[in-house]
Amino acid sequence: MAKGKNTVFFCRKCGYESPKWMGQCPACREWNTFEEEPLTAGAGAGFRPGASSSGRVLKPVSLSGVEMSRQQRLTSGIGELDRVLGGGMIPGSLVLVGGDPGIGKSTLLLQVCRHVAAENKKVLYISGEESLQQIRIRAERIGDFSDSLLLLCDTNLDDIAEVLKREKPAATVIDSVQTMYSEAVSSAPGSVSQVRQATNLFLQLAKTLNITIFLVGHVTKEGVVAGPRVLEHMVDTVLYFEGDRYAAYRILRSVKNRFGSTNEIGVFEMRKDGLAEVPNPSEYMLNGKPEGASGSVVACSMEGTRPILVEIQALVCKTGFGLPRRTAAGADLNRVNLLMAVLEKRASISLSSCDAYINIAGGIRMNEPAIDLGIVLAVVSSYKDIPIHDRTICFGEVGLSGEVRAVSMPAQRVQEAGKLGFERCILPKVCVTEHLKCEGIEIVGVSNVREAIACMG
Ligand code: TYD
Ligand code: MG
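What counts, and at which threshold
Residues numbered from 1 in each chain as written. Chains lettered and ligands numbered in written order. Predicted model: local features only at pLDDT ≥ 70, side-chain atom pairs only at ≥ 80, totals over all residues. Heavy atoms only, no water. Helix = DSSP H or I, 4+ residues; strand = E, 2+ residues; numbered from the N terminus. Buried < 20%, exposed > 50% of the residue type's maximum accessible area, 1.4 Å probe, protein only. Contact = heavy atoms within 4.5 Å. Polar contact = N/O pair within 3.5 Å; in protein donor to acceptor, adjacent residues only side chain to side chain. Near = heavy atom within 4 Å. Nonpolar A, V, L, I, M, F, W, Y, C, P; charged D, E, K, R; others polar.

Undergrad: Explain the environment of threonine 212 to me, please; I cannot follow it from the model alone.
TA: Along the chain, threonine 212 falls in strand E8 (residues 212-218). Since its relative accessible area comes to 1%, threonine 212 is described here as buried. In the structure, threonine 212 is positioned 49 residues away from valine 163 in sequence and 15 Å away in space, judged by C-alpha atoms. Sequence-distant contacts of threonine 212, defined by excluding residues within four places in its chain, comprise Met89, Ile90, Pro91, Gly92, Ser93, Ala170, Ala171 and Thr172. Engagement of the side chain of threonine 212 in a polar contact is seen with the backbone oxygen of isoleucine 90, the distance being 3.1 Å.

Take a look at the structure:
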């Protein structure tokens with residue numbers, strides 16, 4: 001084996017890269033899987049617009065010299081998806097849709113195909129997981145399909161590339177990228193090198209043929225199949241589909257978007273005839289909130305540019321054993337523990353001998369610190385067994401000294417509360433300004449948790 005700086009070693013099984021040969025792969029623990037490859041194979045991978053064959057002379061251009069062709073966005077026909085994509089699909093972009101098995105990725109993308117096909121644009125749905133019959137059965141549930149939708153069941157990358165070049169569809173769905181394989185790569189389908197190879201090829205096809213390609217990627221906990229995380233940097237847009245499998249709603253979250261803002265979310269509901277958009281998620285999340293119950297508070301969290309109201313529930317009771325039990329569903333448990341310690345120390349509420357169970361109703365996950373005040377008030381309400389007024393919402397970050405800190409976009413949050421008929425809003429005092437006013441809402445500014453608790457009832 002020629003030793004030099006221009007070669008690297010790859011694990012055949014998992015794609016682990018190493019500058020030297022190793023007997024056992026530290027990533028997948030497989031023995032004798034390292035192979036020497038020229039460095040360019042890995043490093044040069046990826047699409048380079050204007051890449052030249054060796055003879056050409058490259059000429060850099062100034063920014064103003066770049067032709068501006070208005071990118072015509074294609075609508076996917078699903079408003080919630082369009083907003084997550086930043087206003088529609090860009091021709092020539094590669095979109096990765098990740099999510100747990102069974103969450104509804106295939107269903108969503110088949111619905112996109114349906115809408116695009118309905119506009120007499122050719123779409124190709126390539127499945128490596130399901131047979132044509134299975135797709136047909138799913139399609140029957142969703143509705144009528146135009147004949148512009150073409151189906152293909154195959155997993156061979158080279159053949160699929162030929163089909164794409166021949167058919168030149170406006171949009172294509174690859175379900176899923178983990179099932180695709182190229183004969184040029186010796187590892188099994190789903191391994192990192194295969195998935196990388198597939199993504200590279202689709203990236204090139206998307207750019208050269210100017211088609212929107214959706215890649216479906218599974219996320220597995222064990223890492224048996226290569227998760228789509230390794231390809232996040234290669235694609236233009238990464239969307240994650242999440243939600244409780246047992247709850248009906250699903251959230252589509254954008255974590256990377258070269259053509260729009262990230263952190264936008266789209267909310268869907270899984271029905272018996274496919275995914276339906278949820279235009280007003282707050283209303284949906286607050287559905288079924290108990291009236292006059294202690295330990296239940298409505299808080300507001302921003303998801304991208306969109307305020308969402310959620311019900312935070314707490315159940316605080318005397319612990320039966322020496323060690324108090326605490327759980328948090330939908331919120332970060334460490335954060336909950338921290339907030340309870342703040343209450344203990346700064347508001348003199350002795351919670352050290354209490355069990356506490358926190359839940360964000362609806363199964364939604366919220367990570368924004370703005371829900372801190374909601375958690376605090378829910379815990380106190382349950383501890384004291386005093387219900388909080390039903391038409392009250394709160395938001396604010398709680399610091400370690402018990403202070404209630406400012407959060408972003410307070411006006412949007414207050415407006416959302418007003419839209420849903422809330423009458424009182426407890427928020428950080430520093431956020432209270434003149435233009436925060438909203439008709440029919442009493443604004444209560446608080447500067448620490450003691451004040452917040454005092455105006456709770
Ligand atoms: P699916 O799109 O197959 O998930 P993924 O491709 O992410 O693995 O969705 C599967 C689930 O959705 C399945 O449990 C059945 C359910 N479902 C409905 O409830 N209604 C429907 O109309 C469809 C098509 C699926
Ligand atoms: Mg699927």
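Undergrad: What's the story with the site of ligand 1 in this structure? I'm lost.
TA: Close to ligand 1 lie 15 residues; Gly102, Ser106, Thr107, Arg271 and Gly274 are nearest. At a separation of 3.4 Å, an oxygen atom of ligand 1 approaches a polar backbone atom of isoleucine 103. Here an oxygen atom of ligand 1 and a side-chain polar atom of arginine 138 are 3.0 Å apart. At 3 residues, the largest contribution of residues to the shell around ligand 1 is made by helix H3 (residues 105-118). Taken together, the residues of the shell around ligand 1 break down into 3 nonpolar, 5 polar and 7 charged.

Undergrad: What is the right way to read unusual backbone geometry from this model?
TA: Trans is the common state for peptide bonds, and a negative phi is the common state for residues other than glycine. Aspartate 175 connects to serine 176 through a cis peptide bond whose omega is -5°. Its place among the elements puts serine 176 in the loop between strand E7 (171-175) and helix H6 (192-209). The residue lysine 168 is not glycine, and still its phi comes out positive at about 45°. Structurally, the position occupied by lysine 168 is in the loop between helix H5 (157-167) and E7.

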